[in-house]
Amino acid sequence: MSLAQVHHISAAPEDEERTGRFTAVGPGVTAALLAEIEPLVGYALPDGSSHRPADAELRSLPQAFTYAVLSDGSRLVGRTAPARGEATAPVRFHTHAVHLPPGVPLPGDRLPVEAWRSPHWVSATPLGGALPDPLGTLPPGPAPVREGLDDFAVSRGPWLAAVLADLRRASEEAPAGGPVVLVEKRSADVARWLGLAAAALPRESVERLTFTTYTRRPGSSALRVVGALPEDAAAAREAGLRVHVCADRPPADGVPDVWARTAARVWRSRAPELFQEARELPGDPFAAGPLAVIALCSGVTLGPEERAAAAAWAAERPYALDAKRIGQLVEALTSPGIDDRTGSEFDAMGRLFGALDGRCPASVTVPLAAMLVTEAVRGGNGSLELPRRDAFTGPDGEAVAGVLGPEILAELESGAGAARPVARTVQLLRVARLLGVDRTELLPGVVDRLAPALLAEAGADEADGAPAFAPALLELLDEQFDVRTALLGALDRVAPDDPGAVARFLERVTLPFTGTQALPHLRMCAEVPVATTTLGRDRTGVWHRVLRAAGLSPFAEPLVLRTGVGLVWEDRAPTVEEARLLLEAATSDAHRTAGTWARLVDAALGAPADAEDATALAHDLLRGFPQEIGGRERAALQLLDLCRDLRTGAPEPGWAEQVRTLHDRAEPLEPAVRERAFTALVERLLAPDRPGAELYAFVQSDDTELIAAYDHAARSEPTRARLSTQPAYAADCFTVWTAHPHAGAAWTTTAAALLEEVLRPAVRGMSAESVAEVEETVGRTGSSGRANAFRDWSRSSALGRLGRRIAGRVRRG
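Cut-offs and rules
Residues numbered from 1 in each chain as written. Predicted model: local features only at pLDDT ≥ 70, side-chain atom pairs only at ≥ 80, totals over all residues. Heavy atoms only, no water. Helix = DSSP H or I, 4+ residues; strand = E, 2+ residues; numbered from the N terminus. Rg over C-alpha atoms; globule rule 2.2 N^0.38 Å. Buried < 20%, exposed > 50% of the residue type's maximum accessible area, 1.4 Å probe, protein only. Contact = heavy atoms within 4.5 Å. Areas by Shrake-Rupley, 256 points an atom, 1.4 Å probe, with all protein chains shown as cover. Polar contact = N/O pair within 3.5 Å; in protein donor to acceptor, adjacent residues only side chain to side chain. Core = buried A, V, L, I, M, F, W, Y, C linked by side-chain atoms within 4.5 Å. Phe/Tyr/Trp six-rings, centres within 6.5 Å; stacked < 30°, edge-to-face > 60°. Pairing = 2+ DSSP bridges. Patch = residues over 30% accessible without salt bridge, like charges linked within 9 Å, V, L, I, M, F, W, Y side chains within 5 Å. Salt bridge = Lys/Arg side-chain N within 4 Å of Asp/Glu carboxyl O. Lys, Arg positive; Asp, Glu negative; His and termini not counted. Charge placed at Lys NZ, Arg CZ, Asp CG, Glu CD. Axes fitted to C-alpha atoms, helices over the stretch in contact; angles between N-to-C directions. Left-handed = near helix turned anticlockwise from the far one by under 90°. Nonpolar A, V, L, I, M, F, W, Y, C, P; charged D, E, K, R; others polar. Expected span 1.5 Å × (residues − 1). Bend = angle between axes of the 7 residues up to and from the residue. Parallel < 35°, antiparallel > 145°, perpendicular 65-115°, else oblique.

### Concerning the overall build of the protein chain
Logical step 1: Counting its regular elements, the protein chain contains 38 helices and 9 strands.
Logical step 2: The C-alpha atoms of the protein chain give a radius of gyration of 50 Å, which is well past the 28 Å a tight globule of 813 residues would have.
Logical step 3: With the C-alpha coordinates of the protein chain rotated into their principal frame, the extents come out at 160 × 100 × 40 Å.
Logical step 4: Looking at the 813 residues of the protein chain, the share that counts as buried comes to 50%.
Logical step 5: Of all intrachain contacts in the protein chain linking residues separated by at least 6 positions in sequence, the fraction that spans at least 24 positions is 68%.
Logical step 6: Taken as a whole, the protein chain presents about 37,300 Å² of accessible surface, with 52% of it coming from carbon and sulfur.

Here it is as structure tokens:
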């Protein structure tokens, strides 16, 4: 069919009397469409251009080659070029365009950008008779249109990936942002950029990519790609557009679009035919995998991310490639000249090996397997998917094992195992088995270093769920029975030293220890979460259940005591009641071997002051562990034991001084122990039957803290009640509080205060008979002089009251 052509002349510079006008319009182009077309074909001279250019300057002015989609779905393809005008207007801007109705393709099903080199674009409106259609007379085939694009792509190598990435985004159905601005000194080079995109992008994307090769106003353009001169680049950036200043300084930032980077390498390799081959493969049109596969098979050099994309794509679709291409791909991926492989690339090649193994001949897969195990040993990639054990057969396996075996054994034997990541040790053990390397002699030392490393690395990993090394570790234990047996035994041996860490590890990594190995400590660690969930805060119940899970008695294996105590009381001391239960659950020898006696000491010393059994526990601990308990803890326990004697028995003489001595030895003493000891001492000193020598030693010590405790106990309600109701007790206290006038200041001050503030109110409230009994008792137990002293002390109180009454009456009179 014949397509309508449109001719338009833009206004010339400095020609204010005339405006642009359509000089010829083909059939079917309505006035509404002309109004929409006119802004698209307007032309503005570059800065600094002469309004009366010479012929050479006129030919050097940029041409605007435009492709636009109009509001009714029709399209416009045209060229605007400067042309010589009349004498009054020496330069005009002539547009020659072709209008394509909706749904009508270009002749020959060509792409719009392919028309930019058509020889039938004219620079003047035809007079009489229609000119040939510039689109319908395009030369057949893509060669004339693509002529020179290879050289152009090479010259623009540093900008290729970034521009192709933006042109791809601009070709989406609903692109975000304004147009992509391509800044070139020549508008023809902008058309060449569009030619590069037309070859690389799928056809439907290219047809959405509207453009013009030259404009002075990129920010106001509704097209998706616009060309501009260097002097207009700054304004485009200020408008927030994506601007590429080509043939200037190369961009410093990398391009994250892997497809665009792959397409750029294809163009730089002068192989645009590979784009069509890649489009014939399954997958997303802008996935890097298909293009990277075709490029590698054709000998194009790619980077690590592109190679990884090729391997990953082929691993997912091994059926999409024939045997020839699979061989070419593996050869390219395993080339010995590549020295920049990354972990993600090796991971992808591991998946590719898994997809090809058994599907392809060994001659194809052995190079992949050899590269993978070499990387596992030398590259330290702990997440690498390893080949099966039978991947290496015959001379190939022997050759790889001969090279890598000594390296594996040397690293496993090195003393750096504690600092070596778990994944690395696991990988080495797996590769050793894969290659048939004998590591029997090294295995005990390897697992002894691996067991604590497992706990440390898992403990340092703050993420939820299993640690990163868990899948490979479980595969190792599933593959190698000897390693599983040795490692579980090593973990069982370290569990008593840090059972909490082992229990937390087992919650995150389910180790296979359900076989015939005893493993009592591992079984205890695995049981504690279940027991805690079932029994809650019943720690003794949890302890019994965990101990049963061991399957061994503490008498047979004392270390289960340490594991059980560490699991249940990991970060706190047992209560006194729990400690007594633990002490009774096993012999002192068992606790001594397990080291749990120290936790029992903590329970006794950390008990509150009112804990009834703390002193009895201290007594039992001193008797059961006389050689183990020493230093400050021993003095503190002896102080508790002395409290027991003070309250329930007859302590050895000198106990008042012994309290002070033990107190000093036990510093820093727990506040509850100090309170218990001081209270027991002063209560015993306040008793009527305390030995006089002990009281004398106490008074003469002038110990401020002890005397303060005595003062506090004497002022307590039980003591006050006893003073008020027992004249003999009141007499005894009077004797004590007046018997040492030459003692230290702390005692004399306290005794005087107790006489006035505690004893006097008690005596004042007694009957005359009770007061007389106090006086008589003081005289009988002391002397007549002390009885007189009490009488005077008592009368001074009565006279003082009588005197105050008389003075009051005198003042009132």
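### A short note on the side chain of S221
Logical step 1: With respect to the secondary-structure elements, S221 resides in the loop between β7 (211-212) and β8 (225-228).
Logical step 2: Engagement of the side chain of S221 in a polar contact is seen with the backbone nitrogen of L223, the distance being 3.2 Å.
Logical step 3: Apart from the residues lying within four places of it in its own chain, the contact partners of S221 are P179 and V226.

### Focus: the nonpolar core
Logical step 1: Within the largest apolar cluster, 236 residues are counted, with the highest numbers of intra-cluster contacts made by L473 and W737.
Logical step 2: Once residues within four sequence positions are removed from consideration, L473 is found in contact with V426, L454, L487, F505, V509 and L511.
Logical step 3: Counting residues in each nonpolar core, the second largest holds 11 residues, with V226, A228, L241 and V245 among its members.

### What about the packing of aromatic side chains?
Logical step 1: For the structure on display, the rule yields 16 aromatic pairs.
Logical step 2: Ring centres of W259 and F286 lie 5.1 Å apart, and the angle between their planes is 90 degrees; on these two criteria the pair is classed as edge-to-face. Of this pair, W259 sits in helix α9 (residues 258-268) while F286 sits in the loop between α10 (273-279) and α11 (288-297); the two residues are 27 residues apart in sequence, bridging distant segments of the chain. In this structure, W259 and F286 share a single accessibility class: buried.
Logical step 3: Among the aromatic side chains, those forming a connected cluster through ring pairs are F65, Y67, W121 and F211.

### Let's talk about the pairing of β8
Logical step 1: Here β8 shows two buried faces, one formed by V225 and G227 and the other by V226 and A228.
Logical step 2: Across 4 bridges, strand β6 (residues 180-183) lies against β8 in parallel orientation. Following the sheet pairing, V183 is matched in β8 by A228.
Logical step 3: Where β7 lies against β8, 2 bridges are found, and the strand directions are parallel. From the neighbouring strand, T212 faces β8, where its bridge partner is V226.

### Considering a negative patch on the surface
Logical step 1: Residues E577, D610, E612, D613 and E675 make up a contiguous surface patch of negative charge.
Logical step 2: Looking at where E612 falls in the secondary structure, it is placed in the loop between α27 (597-605) and α28 (614-624).

### Description of the pairing of strand β4 (residues 75-84)
Logical step 1: In terms of residue burial, β4 counts as a mostly covered element, since 9 of its 10 residues are buried.
Logical step 2: Taken together, the 6 bridges between strand β3 (residues 64-69) and β4 define a ladder with antiparallel strand orientation. Paired with T66 across the strands is G78, a residue of β4.
Logical step 3: Here β3 hands over to β4 after 5 residues, with G73 in that stretch at a positive phi of 95 degrees.
Logical step 4: As paired strands, β4 and strand β5 (residues 91-100) are joined by 10 bridges and run antiparallel to one another. Its bridge partner being in β5, R75 is matched across the sheet by L100.

### As for the sheet that holds β5
Logical step 1: Taken together, the 9 strands give an open sheet; going across it, the order is β2-β1-β5-β4-β3-β7-β8-β6-β9, and neighbouring strands pair in mixed fashion. The open sheet is flanked by β2 (21-25) and β9 (242-245), the only strands paired with a single partner.
Logical step 2: In the packing of helix α1 (residues 31-41) onto the sheet, contacts are made with β1 (4-10), β2, β3, β4 and β5, and the angle to β2 comes to roughly 120 degrees.
Logical step 3: Across the sheet, helix α5 (residues 157-170) is in contact with β6, β8 and β9; its angle to β9 comes to roughly 150 degrees.

### What about the packing of helix α17 (residues 422-435) against helix α18 (residues 443-460)?
Logical step 1: Taken N-terminus to C-terminus, the directions of α17 and α18 make an angle of 145 degrees; their axes are 9 Å apart at the nearest point. In terms of crossing hand, the pair formed by α17 and α18 is left-handed. Contacts between α17 and α18 involve V422, T425 and L429 from the former and L443, V446, L450, A453, L454 and E457 from the latter.
Logical step 2: By residue class, the composition of the contact of α17 with α18 is 7 nonpolar, 1 polar and 1 charged.

### As for helix α35 (residues 727-738)
Residues spaced three or four apart along an α-helix face the same direction, because each turn holds 3.6 residues.
Logical step 1: Spanning 12 residues, α35 covers 16 Å between terminal C-alpha atoms, matching the ideal 16 Å at 1.5 Å per step.
Logical step 2: Taking burial as the measure, the 12 residues of α35 include 10 buried ones, the bulk of the element.
Logical step 3: For α35, the set of buried residues is P727, Y729, A730, A731, D732, C733, F734, T735, V736 and W737.

### Observations regarding unusual backbone geometry
Logical step 1: The omega angle of the peptide bond from E667 to P668 is -5 degrees, so this bond is cis rather than trans.
Logical step 2: The topology assignment puts P668 in the loop between α30 (655-665) and α31 (671-685).
Logical step 3: We note that D109 has phi near 55 degrees; this positive angle belongs to a residue other than glycine.
Logical step 4: With respect to the secondary-structure elements, D109 resides in the loop between β5 and α3 (143-146).

### With respect to helix α36 (residues 745-764)
Logical step 1: The end-to-end C-alpha distance of α36 is 27 Å, a good match for the 28 Å that 20 residues give at a rise of 1.5 Å each.
Logical step 2: Maximal helix bending in α36 amounts to about 35 degrees, located at L755.
Logical step 3: Burial in α36 covers these residues: W747, T750, A751, A753, L754, L755, V758, L759, R760, A762 and V763.

### A look at the packing of helix α25 (residues 576-585) against α28
Logical step 1: Across the interface, α25 lies against α28 with an axial gap of 10 Å and an inter-helix angle of 30 degrees. Between α25 and α28, the angle falls in the class roughly parallel. Considering only the axes of α25 and α28, their crossing is left-handed. Facing V576, A579, R580 and L583 of α25, the residues of α28 in contact are A614, A616, L617, D620 and L621.
Logical step 2: Of the residues assigned to the contact of α25 with α28, the class counts are 7 nonpolar, no polar and 2 charged.

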